[in-house]
Amino acid sequence: KAGVTQTPRYLIKTRGQQVTLSCSPISGHRSVSWYQQTPGQGLQFLFEYFSETQRNKGNFPGRFSGRQFSNSRSEMNVSTLELGDSALYLCASSLGSGNGGTDTQYFGPGTRLTVL
Amino acid sequence: AQKITQTQPGMFVQEKEAVTLDCTYDTSDPSYGLFWYKQPSSGEMIFLIYQGSYDQQNATEGRYSLNFQKARKSANLVISASQLGDSAMYFCAMREVTGNQFYFGTGTSLTVIP
C-alpha cells in the first residue's frame, strides 16, 4: 500500500506570495492532518480534515487554510507569506473513525518551504 | 499544562547498548493512545509503536518496546541493541478519544556512538 505523499517536496517563495501544498493520504484513510515544524516552535498542529470537513483546528492565523476533496486528498494554502512561515510542513493521514485513541497517524515526507 | 512532556532534549548511547527515552503525559480521558515516532534528518516522521490506555501489556515492536506506567502517566520508549541508524529525533504523542487531536512532545535527539 502506498504511503502518504506530499508535493512539492521543496518550495522557495518570497514574502507576500501565497503557496498551496498538496497531500495524498494512504488509500482508505479519511483523515488528514497538517503540522508545521520549525526549530524554534517544534511541531505545531495546524488543522485536521475528515470527510471534507475541518474537524480540528490549531492556533494559527487565518492566512493558513486548508481543504479536503472527496477522494480524501488535501491541500493547504498559506496566503501573504511571512519570513516566519519558513518551515517543514508535514501531512499525516489516519483512518479517522472508530476509537480515536487507537487511530494511528502516518506521515508524509513533508514539504520544506523557504520564504525569502 | 503540557499534554506531552519529554524532558531529555538530547541523549547519547553506545552502539549495541539499550537506551530509554522518557515521556510523561497529562490527560483526564479514560481512553487514549500513546505513540512514538522517529524523525531522521530527512524529515519524515516514522511511526514506531503504539500503546492503548486499556492495554494490559507493554507494547513491543522488534527492538522497540514501550514501558507503560499508567499510574505515573509515563510511556517511555526503550530501544534495545542500538544501531547507528537509530540516530534521530524521537517524538512521543498522545491521542485522546475526546477531541480526537494528536498532541506531540518536543522530542528527544538520540545520537548513537560507534
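For clarity, every value in this text was computed on a predicted model and none was experimentally measured.

A.B. asks: Which parts of the structure should I look at to understand unusual backbone geometry?
C.D. replies: With the exception of glycine, the majority of residues adopt a negative phi angle, and the majority of peptide bonds are in the trans configuration. All names here are of chain A. In this structure, the amide linkage connecting T7 to the following residue, P8, adopts the cis form with an omega of -10°. Summarising the element assignment, P8 is placed in the loop between β1 (5-7) and β2 (10-13). Positive phi outside glycine occurs at S51, with the angle close to 50°. Tracing the backbone shows S51 in the loop between β5 (42-50) and β6 (53-57). For S51, a relative accessible area of 33% puts it in the partly exposed group.

A.B. asks: Just to check I follow, could you spell out the interface of chain B and chain A for this structure?
C.D. replies: For interface size, the figure often reported is the accessible area lost on association. On the side of chain A, 23 residues touch chain B, which itself brings 20 residues to the contact. With both sides pooled, the region where chain B packs onto chain A buries about 1,700 Å², and carbon together with sulfur makes up 49% of that total. Summed over the shared surface of chain B and chain A, the number is 2 salt bridges. A salt bridge links R95 of chain B to E48 of chain A; its shortest N-O distance comes to 3.5 Å. Taken together, the connections running from chain B to chain A amount to 3 residue pairs in polar contact (both at pLDDT 80 or more). Elements with a contribution of two residues or more to the side of chain B that touches chain A: β5 (32-39), β6 (46-52), β10 (88-96) and β11 (102-104) of chain B. Per-element accounting of the side of chain B that touches chain A gives the leading share, 5 residues, to β5 of chain B. The class makeup of the residues in the side of chain B that touches chain A is 10 nonpolar, 8 polar and 2 charged.

Conventions and cut-offs
- Residues numbered from 1 in each chain as written.
- Chains lettered and ligands numbered in written order.
- Predicted model: local features only at pLDDT ≥ 70, side-chain atom pairs only at ≥ 80, totals over all residues.
- Heavy atoms only, no water.
- Helix = DSSP H or I, 4+ residues; strand = E, 2+ residues; numbered from the N terminus.
- Buried < 20%, exposed > 50% of the residue type's maximum accessible area, 1.4 Å probe, protein only.
- Contact = heavy atoms within 4.5 Å.
- Buried area = accessible area lost by both parts, 1.4 Å probe.
- Salt bridge = Lys/Arg side-chain N within 4 Å of Asp/Glu carboxyl O.
- Polar contact = N/O pair within 3.5 Å; in protein donor to acceptor, adjacent residues only side chain to side chain.
- Nonpolar A, V, L, I, M, F, W, Y, C, P; charged D, E, K, R; others polar.

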